[in-house]
Every structure is written in structure tokens, then in C-alpha cells.
Amino acid sequence: MTHGIKTLAIAALALFGSTAALAQSAGTWMVKAGANQIAPQVKSDDLSASSLPNSKVDVKSDTQAIFTLGYMLTDNVSLEFFAGLPYKHEVVGDGSLSGVGKLGTIKQVSPTLFAQYRFLEASSPFRPYVGAGLTYAHFYGAEGSGTLTALTNPGGTPTSMSVDSAFGPSFQLGLSYQFNEHWFVDGSVIKTYLKTTTKLSTGQSIDTKLDPISTNLSVGYRF
């Protein structure tokens, strides 16, 4: 009886191992849902004339839901497409404008396509990976605040703003853990290099390097 139980256990482990390997092998599709925080690492130029010297801006972080779709081209190489709900960032004063508070808000979506290399064997439950890809940051819905108007057009009509959309390269470091044949958890850190220009209705403009760091955690399903 004991020998029979051991034989069944070994067979079950072998079956699970082969299923798990299949779930991480070439031809596998992966879907994920989770949360992602985008934290811009802003380097701001000065607001163009007429403005106070050293008039700069900063951009606050935001966290939203993300959804991804991936496909294993081989046991180690994958493609993955990131998308999610729109982010809303506060734009605040910096430099000589530090302390003035909110200058406006801007919404954005930033879909990204990654090519990834996944380390270890296809059957390994832990799989660290690296990725490189291209991000398209689409900015819309920009709104200037009363503070922005007071600084740029005092006593006049409200100052409006717009932000140029832009492409930028993204680099990723991640880790996935498969806890059964289909379900897994995944986390990654992404660095994107992105530069854009904000234009005001007063004719002024400001160039900023956003260069955000994104941190995400997701639950996924392989099929």
C-alpha cells in the first residue's frame, strides 16, 4: 500500500511538473491585472519669459489599475503589452515657484510594448526577467489652476495649458512566481526616459524631462 501511494505521488508530481512547464513554455498566453504607480523623476527647465528666474515645475505620482497581455515566443523570450486606466498627475511649482502649490493637473495614458528575456527553465516557479520596450505617453485633459493664472496672467483670462505627447524607451526588471499550473503573481520596476513640452495660453512654454519610475504588482493567468 505504501509503495502504491508513493508511486501515485511521484506520478502526480511528474504530471504537475509537466503541466507547469507547459504553462510557461513557448506558445503560452499570459494575462495580468494589478496596480501600477508612476512616479515622475522630473528635471525641469525654466518657464519661458516673461516669468520669474528659475521658475520650474514638478509632477506628482499617481497609482492606477493596469492590464497586460503577454505571449511566450520561446521558453525564454516573450512579448508583453502594458495598458491601464488613465493617470491623473498634479503639476506643482518648483525652483522659485516652490511652495506656490498646484499649478494644474494633467491626465495621461502610457501603453508600452516590451520584449522580455525570462531566466531559468520553463518549469521553474520563480522566473526573473528583464525587458526593453517603447512607451507612448499620451497627455490630455490638462487644466490650469487659479494659481497658474495669478502667476502668468494676473487679472486676465484663466491660463490654459497643453502637454505634448511623446515616445520614450522603457527598461524593465521583474520577477514572476507561479503557484499552480495557471495562476501566478508578478512584479516589476520600469524606468522610462521621456521628455515633453508644456505650452500655456499666454504663449509661454516649459520643457521637462519626466523620466518616471513605475512600480507594479499583478496577479496573472496563463493559458
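This report concerns the structure included in the present document. The shown structure was predicted, so the numbers you read here are calculated from the model rather than taken from an experiment. (Residues numbered from 1 in each chain as written. Predicted model: local features only at pLDDT ≥ 70, side-chain atom pairs only at ≥ 80, totals over all residues. Heavy atoms only, no water.)

## Description of the environment of Arg222
We count it as follows: Numbering of helices and strands runs from the N terminus, with a helix taken as a DSSP run of H or I at least four residues long and a strand as a DSSP run of E at least two residues long. Counted as a polar contact is a pair of N or O atoms within 3.5 Å, where, for protein atoms, one must be capable of donating a hydrogen and the other of accepting one, and residues adjacent in sequence contribute only when both atoms are in side chains.
Mapped onto the elements, Arg222 comes out in strand S15 (residues 213–222). For the pair Arg222 and Lys32, spaced 190 residues apart in sequence, the C-alpha separation works out to 8.9 Å. Among the polar contacts listed, one links the side chain of Arg222 to the side chain of Gln178, at a separation of 2.8 Å.

## So, the layout of surface pockets
For the record, the criterion: The pocket and cavity definitions rest on a 1 Å grid over protein atoms only: a 1.4 Å probe that fits but cannot leave marks a cavity, an open set with protein on both sides within 12 Å along at least five of seven lines marks a pocket, and residues lining either have an atom within 4 Å of a point. Grid points are joined across faces, edges and corners, and a volume is the space filled by probe spheres set on the points. Amino acids outside the nonpolar list (Ala, Val, Leu, Ile, Met, Phe, Trp, Tyr, Cys, Pro) and the charged list (Asp, Glu, Lys, Arg) are all regarded as polar, and Gly is one of them.
In this model, the largest pocket occupies a volume close to 690 Å³. Tallied by class, the residues present in the lining of the largest pocket amount to 30 nonpolar, 19 polar and one charged.

## Details of the pattern of salt bridges
Threshold: Any Lys or Arg side-chain nitrogen located within 4 Å of an Asp or Glu carboxyl oxygen qualifies as a salt bridge. Relative accessibility under 20% of the residue-type maximum defines a buried residue, over 50% an exposed one, and the middle range a partly exposed one, all with a 1.4 Å probe and only protein chains included.
On inspection of all chains with the given rule, the structure shows five salt bridges. A salt bridge links Lys32 to Asp186; its shortest N-O distance comes to 3.0 Å. Of the two residues, Lys32 sits in strand S1 (residues 29–39) while Asp186 sits in strand S12 (residues 183–192), which places them 154 residues apart along the sequence. Judged on exposure class, the residue Lys32 and its partner Asp186 are both buried. When salt bridges with common partners are traced through the structure, they connect Lys32, Glu80, Arg118 and Asp186 into a single cluster.

## Re the side chain of Arg118
Worth spelling out the cut-off: What makes two residues a contact is simply this: any of their non-hydrogen atoms within 4.5 Å.
Along the polypeptide, Arg118 turns up in strand S8 (residues 112–118). A distance of 3.0 Å separates polar atoms of two side chains, one belonging to Arg118 and the other to Ser78. Excluding its chain neighbours within four sequence positions, the residues that come into contact with Arg118 are Met30, Met72, Asn76, Ser78, Glu80, Arg127, Pro128, Tyr129 and Ser176.

## Quick look at the pairing of S1
Basically, it comes down to this: Only when DSSP finds a minimum of two bridges between them are two strands counted as paired.
By the bridge criterion, 10 bridges tie S1 to strand S4 (residues 62–72) in an arrangement that is antiparallel. Pairing of Ile38 across the sheet is with Asp62, part of S4. As paired strands, S1 and S15 are joined by 10 bridges and run antiparallel to one another. When the bridges of S15 are listed, Gln37 appears paired with Thr215.

## Topic: the packing of aromatic side chains
For clarity, the threshold we go by: Stacked, edge-to-face and tilted are the three classes for Phe, Tyr and Trp ring pairs, Trp counted by its six-membered ring, which pair at centre distances within 6.5 Å; planes under 30 degrees apart are stacked, over 60 edge-to-face, the rest tilted. Charge over a ring is defined by NZ of Lys or CZ of Arg lying within 6 Å of the ring centre and within 35 degrees of the ring normal.
Applying the stated criterion across every chain, the model contains eight aromatic pairs. Between Trp29 and Tyr71, the aromatic rings sit 4.6 Å apart at their centres with planes inclined by 50°, giving tilted as the arrangement. Here Tyr71 lies in strand S4 and Trp29 lies in strand S1, a separation of 42 residues in the sequence. On the basis of relative accessibility, which here comes to 37%, the residue Trp29 falls in the partly exposed class. Judged by centre distance (5.1 Å) and plane angle (75°), the ring pair of Tyr117 and Phe119 falls under edge-to-face. Using a relative accessible area of 40% as the deciding quantity, one classes Tyr117 as partly exposed. Within the aromatic cluster, the residues linked to one another by ring pairs are Trp183, Tyr221 and Phe223. Positioned above the aromatic ring of Tyr193 is the side chain of Lys191, whose terminal nitrogen or guanidinium carbon lies 5.5 Å from the ring centre. The side chain of Arg222 reaches across the aromatic face of Phe184, ending 4.0 Å from its centre.

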